[in-house]
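# Close look at the chain arrangement
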Amino acid sequence: MTSPLLAPLLYGAMNIASATGIVFANKTVFSIFNFKFTYALTFIHTIVTMLGMQLFLRFGVFEQKQVAKQKLLSLAAAYVGYIVLCNLNLNINPVGFYQISKIAVAPAVLVINSMFYGKHSSPEIIASIAVVCLGVGLATISDPEISSNMYGLFVGLGSVLATALYQIWAGSIQSELGLGSMQLLHQYIPLAAAQLGAVVLLLEPLGDIIGYEYTLGSVAAILISAVLGLLVNLSTFLVIGATSSLTYNVVGHVKTVIILTGGVLFFGDTMSGKKFMGILLAMGGIVWYSHIKMAAARLHLSKQILPVKTDSNSE
């Protein structure tokens, strides 16, 4: 039996290993094994996740809750857009830029919430996000491999916007339906798999996918990346459940450092002085942003648990 102190460490380690591992595994599939079928790989990931969710349900990781499927069609489509664009971003761009674009999701969420949902942030939050944007801009402009690749830049921007929209919609629908993250994923993942299957048939020639020269190594890499995708979902659920949002944010910063380092060591990403400073600036902004959000969450929680004062003279 896992001790209460050991469990969070194990869950955190699993989340770090799976979340960083899937980036390196996917990049290996695309760059080393030359499997360029982004939609097909995403479809395989989604099928494995769908089967894994059934397994987790059977073992009692979460309780099933039925929801009308029509309520989840838009969310499934948003998931397809976000995951396809993220994988395409990783396929055609360096690992470092892929991770920098993930950092840029927080500013995108802030802007979308402000422009379309009337949710305005404090000056501190805006300042921290401005630092993130400055760092992302410096890291991107100083990288000639990215600044000269307009297609890669547009795909990266698309992945940022799609991820931000998916996060906003998922949070809104999850709250509206009263579902946990695993319950929500279990409900919409079959719809996403069906939509992705149609996308594969429309946009990637089936003959080319079947005719790809599969080897033991390429098949193993594809399957490993799919299983890691499932483990990311499970470990995220376990880490937040066993620790706190603050711990998960810290784990997220560790993953960013590992992925950026791995891009340089394993996939030949360049790291100029300006790019390094830009990444440090963006990371500093994200750490500041996380600190502000966590402080606000603690203040909100403390207000909720304050004892209610009663009249000492009442009977």
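Before any of the text, the structure's been laid out above.
A brief look at the structure comes next. These figures come from a predicted structure and were not determined experimentally.

### Some words on unusual backbone geometry
Phi is mostly negative for residues that are not glycine, and the peptide bonds are mostly trans. Residues other than glycine seldom take positive phi values, yet N34 does so here, at roughly 55 degrees. Within the secondary structure, N34 is located in the loop between helix 1 (6–32) and helix 2 (38–58).

### With respect to the packing of helix 4 (residues 95–103) against helix 6 (residues 123–141)
Running from N to C, helix 4 and helix 6 point in directions that differ by 160 degrees, and their axes come no closer than 10 Å. Taken together, the axes of helix 4 and helix 6 are roughly antiparallel relative to one another. In the crossing of helix 4 with helix 6, the sense of the turn from one axis to the other is left-handed. When helix 4 is examined against helix 6, the residues F97, I100 and I103 are found in contact with a partner set consisting of V132, V136, A139 and T140. Classifying every residue of the contact of helix 4 with helix 6 gives 6 nonpolar, 1 polar and no charged.

### Let's talk about a nonpolar patch on the surface
Taken together, the side chains of L138, V264, L265, F266, M271, F276, M277 and L280 define a hydrophobic patch exposed on the protein surface, amounting to about 770 Å² of accessible area. The set of elements that each furnish at least two residues to the nonpolar patch consists of helix 12 (245–267) and helix 13 (273–305). Among the structural elements, M271 can be located in the loop between helix 12 and helix 13. Judged by relative accessible area, M271 falls into the partly exposed class, the value being 34%.

### Examining the nonpolar core
Among the nonpolar cores identified, the biggest contains 40 residues, and V23, L72, Y79, Y166 and Y188 are the most heavily contacted of them. Contributing elements (two or more residues each) for this core: helix 1, helix 2, helix 3 (73–92), helix 4, helix 8 (150–177), helix 9 (181–203) and helix 11 (216–242). Residue contributions to this core peak at 10 residues, all from helix 3. Grouped together as the second largest cluster of nonpolar side chains are 23 residues, A104, V136, I168 and I286 included.

### Some details on the environment of M283
Following the sequence through the fold, M283 ends up in helix 13. Linking M283 and I103, residues 180 residues apart in sequence, is a C-alpha distance of 7.8 Å. Residues contacting M283, with those up to four places away along its chain left out, are I103, H253, T256 and V257.

Parameters and conventions
- Residues numbered from 1 in each chain as written.
- Predicted model: local features only at pLDDT ≥ 70, side-chain atom pairs only at ≥ 80, totals over all residues.
- Heavy atoms only, no water.
- Helix = DSSP H or I, 4+ residues; strand = E, 2+ residues; numbered from the N terminus.
- Axes fitted to C-alpha atoms, helices over the stretch in contact; angles between N-to-C directions.
- Parallel < 35°, antiparallel > 145°, perpendicular 65-115°, else oblique.
- Left-handed = near helix turned anticlockwise from the far one by under 90°.
- Contact = heavy atoms within 4.5 Å.
- Nonpolar A, V, L, I, M, F, W, Y, C, P; charged D, E, K, R; others polar.
- Patch = residues over 30% accessible without salt bridge, like charges linked within 9 Å, V, L, I, M, F, W, Y side chains within 5 Å.
- Areas by Shrake-Rupley, 256 points an atom, 1.4 Å probe, with all protein chains shown as cover.
- Salt bridge = Lys/Arg side-chain N within 4 Å of Asp/Glu carboxyl O.
- Buried < 20%, exposed > 50% of the residue type's maximum accessible area, 1.4 Å probe, protein only.
- Core = buried A, V, L, I, M, F, W, Y, C linked by side-chain atoms within 4.5 Å.

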